[in-house]
Amino acid sequence: MDQAAVLRQLAGKTESGSGTKIITITSGKGGVGKTSISVNLALAIAATGKKVLVFDADLGLANINVLLGVIPKYNLYHVIKGIKNLEDIIIHTPEGVDIIAGASGFSMLANMGERERNSLLAAFDSLTGYDILIIDTGAGVSSNVTGFTLPAHEVIVLTTPEPTAITDAYGIIKSIVLEAPNKQIKLLVNRVTSSLEGKKVAERVVNISNQFLNVKIESLGFIYEDENVSRSIRRQKPFYVLFPKSRASSCLNVITAKLLNLEVPPDAEGSSIGGFFRKIFALQNSGD
Ligand SMILES: Nc1ncnc2c1ncn2[C@@H]1O[C@H](COP(=O)(O)OP(=O)(O)OP(=O)(O)O)[C@@H](O)[C@H]1O
Ligand SMILES: [Mg+2]
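All values derive from a computational prediction rather than experimental measurement.

For the rest of this paragraph, the subject is the overall build of the protein chain. Of regular secondary structure, the protein chain possesses 14 helices and eight strands. Counting all 288 residues of the protein chain, 45% fall into the buried class. Look at the contacts in the protein chain between residues 6 or more apart in sequence, and 77% of them connect residues 24 or more apart.

Quick look at the structure:
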């Protein structure tokens, strides 16, 4: 049985019922691989038969579409302005995952009127059929970033073995924990040169978080430093598609298997995509 088939079977066994599981990928330090991992992890999950939507919530430059070599005509801005429906701006990529381009238009969310906000929420609620929504955020502890982590069912904090990235990973974990002490936070170490290095970095962050923040962070494992990642970026195709047998792709298969064991909490509000955004608004309204 090939690896995808094994994953598919595993996914079938751990099916958690209805609702979209929301996974937010974030980091303290920038440039650690969030966008690359978001896109390729989405593909690895999609390979198990799950329907995956990736939302580019980086308020800076749009990235996800660049990695996939697509040029979105519309983004959330057009939805908020009532020019387009949410379904119209979803890009169905040939690779098998759908994406929503947030880009700068998404910063409009904070300044939307009640009516615009409600129609957007209704639009997100009407998006059915997705098993997983992956949110790719920007880096750092600004509320634009943490705002996307709080309503997620689980947050993946990405780091590299670099000391600055590790320190900043702890920083973002701390800010998440301060706002949401029970949030499920998982750690993923990217760009490791050995499994031992991956384990050591993960252990350090897990232990420090346990000791100083009293939280249990689960290690999702690691992804090898792999030149196929940058090679695929240059070709504007995901490495999971171009180099399915690469070390980085194999790591993603292992991580996918771990992720799919998780269950969507029985929280009806939070289980819908609309509920996710409702929580973001509640956060912004509370003066964050
Ligand atoms: N496992 C890896 N092996 C080799 N290079 C990698 C790996 N992961 C990421 N990179 C490289 O790191 C760079 C940054 O990746 P990416 O844009 O995904 O980071 P990011 O965290 O989304 O950045 P930002 O914070 O700016 O949004 C890319 O050029 C990519 O080639
Ligand atoms: Mg990015």
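In spatial order, the strands read E3-E4-E2-E5-E1-E6-E7-E8; together these eight strands make up an open sheet with mixed pairing. Only two strands of the sheet have a single neighbouring strand rather than two, namely strand E3 (91–92) and strand E8 (218–224). Bridge analysis of strand E2 (residues 52–56) against strand E5 (residues 132–139) gives five bridges, and the strand direction is parallel. When the bridges of E5 are listed, Leu53 appears paired with Leu133. Where helix H9 (residues 195–213) meets the sheet, its contacts fall on strand E6 (154–159), strand E7 (184–192) and E8, and the angle it forms with E7 comes to roughly 145°. Across the face of the sheet, helix H12 (residues 247–259) comes into contact with E7 and E8 while running at roughly 165° to E8.

By the element assignment, Gly221 lies in strand E8. A residue is classified by how many C-beta atoms lie within 10 Å of it, and Gly221, with 20 of them, is buried. Each C-alpha atom of the pair Gly221 and Ser195 lies 8.8 Å from the other, and the pair is 26 residues apart in sequence. The residues contacting Gly221, other than those within four sequence positions of it, are Leu188, Gly198, Cys251, Val254, Ile255 and Lys258.

With that settled, the discussion passes to the pairing of E7. Buried residues dominate E7, accounting for eight of its nine residues. Sheet analysis places E6 next to E7, joined by six bridges and oriented parallel. Note on E7: the bridge partner recorded for Glu154 is Gln184. In the sheet, E7 pairs with E8 via six bridges, with the strands oriented parallel.

The next thing to look at is the nonpolar core. By size, the foremost hydrophobic cluster in this structure holds 68 residues, and its most contacted members are Ala42, Val52, Val54, Ile134, Ile135 and Val157. In contact with Ile135, other than residues within four places in its own chain, are Ile22, Thr24, Ile25, Phe55, Ala57, Phe148 and Ala152.

Around ligand 1 sit 20 residues, and of these Gly30, Gly33, Lys34, Thr35 and Ser36 come closest. Listing elements by their share of the shell around ligand 1, those giving two or more residues are helix H2 (34–46), E5, E7 and helix H10 (227–234). Grouping the amino acids of the shell around ligand 1 by side-chain chemistry returns six nonpolar, nine polar and five charged.

For the rest of this paragraph, the subject is unusual backbone geometry. The backbone of Asn214 sits at a positive phi, close to 60°, despite the residue not being glycine. The topology assignment puts Asn214 in the loop between H9 and E8. The phi dihedral of Gln236 is positive, around 55°, even though this residue is not glycine. By secondary structure assignment, the location of Gln236 is in the loop between H10 and helix H11 (239–242).

Within the protein chain, residue pLDDT values average 81, and 75% of them lie at 70 or more. pLDDT under 50 marks residues 1–18. Its contacts with residues more than four places away, or in other chains, come to 21 contacts.

Right, let's get into the packing of helix H8 (residues 163–179) against H9. Running from amino to carboxyl end, H8 crosses H9 at an angle of 40°, the nearest separation of the two axes being 11 Å. Considering their axes alone, H8 and H9 lie oblique with respect to each other. Crossing geometry of H8 relative to H9 is assigned as right-handed. Listed contacts from H9 to Ile166, Ala169, Tyr170, Ile173, Lys174 and Val177 of H8 are Val201, Arg204, Val205, Ile208, Ser209 and Leu213.

With respect to the element layout, Thr159 can be found in strand E6. Judged by the 29 C-beta atoms lying within 10 Å of it, Thr159 falls in the buried class. Separated by 43 residues in the primary sequence, Thr159 and Ala202 have C-alpha atoms spaced 9.1 Å apart. Ignoring sequence-local partners within four residues, the contact set of Thr159 consists of Ser27, Val32, Ala165, Ile166, Ala169, Leu187, Val189, Val201 and Val205.

Mapped onto the elements of the fold, Cys251 is located in helix H12. The class of Cys251 is buried, set by 25 C-beta atoms lying within 10 Å. Note: C-alpha distance between Cys251 and Asn190 (61 residues apart in sequence) is 9.9 Å. Ignoring anything within four residues of it in the chain, the contact list for Cys251 reads Gly221, Phe222, Ile223 and Tyr224.

Thresholds, definitions, all that
Per chain, residues are indexed from 1 in the order of the written sequence. Written order determines the labels here, with chains lettered from A and ligands numbered from 1. At least 70 in pLDDT is required for a residue's local features to be given in this predicted model, at least 80 for side-chain atom pairs to be given and counted, and no such filter applies to totals for whole chains, interfaces and linings, which use all residues. Secondary structure counts use DSSP, requiring at least four H or I residues in a row for a helix and at least two E residues in a row for a strand, with both numbered from the N terminus. With C-beta atoms placed from the backbone, the exposure class of a residue follows from how many other C-beta atoms lie within 10 Å of its own: 20 or more, buried; 12 or fewer, exposed; in between, partly exposed. For the purpose of contact definition, each residue receives a C-beta atom placed from its backbone, and two residues are in contact when these atoms lie within 7 Å. Two strands make a pair as long as DSSP finds a minimum of two bridges between them. Axis geometry follows a simple rule: fit a line to the C-alpha atoms, using only the stretch in contact for helices, then measure angles between N-to-C directions, giving values from 0 to 180 degrees. Only buried residues count toward a nonpolar core: Ala, Val, Leu, Ile, Met, Phe, Trp, Tyr and Cys, linked into one set through C-beta atoms within 7 Å. Nearness rests on one distance test: the residue's C-beta atom, set from the backbone, must lie within 6 Å of the molecule or strand. All residues other than Ala, Val, Leu, Ile, Met, Phe, Trp, Tyr, Cys, Pro, Asp, Glu, Lys and Arg, Gly among them, are scored as polar; the first ten of these are nonpolar and the last four charged. What pLDDT conveys is the predictor's confidence in a given residue, as a value from 0 to 100. Just so you know how the angles are binned, under 35 degrees is roughly parallel, over 145 roughly antiparallel, 65 to 115 roughly perpendicular, and the rest oblique. Crossings are classed by handedness, with left-handed meaning an anticlockwise turn of the near helix from the far one by less than a right angle and right-handed meaning a clockwise turn.

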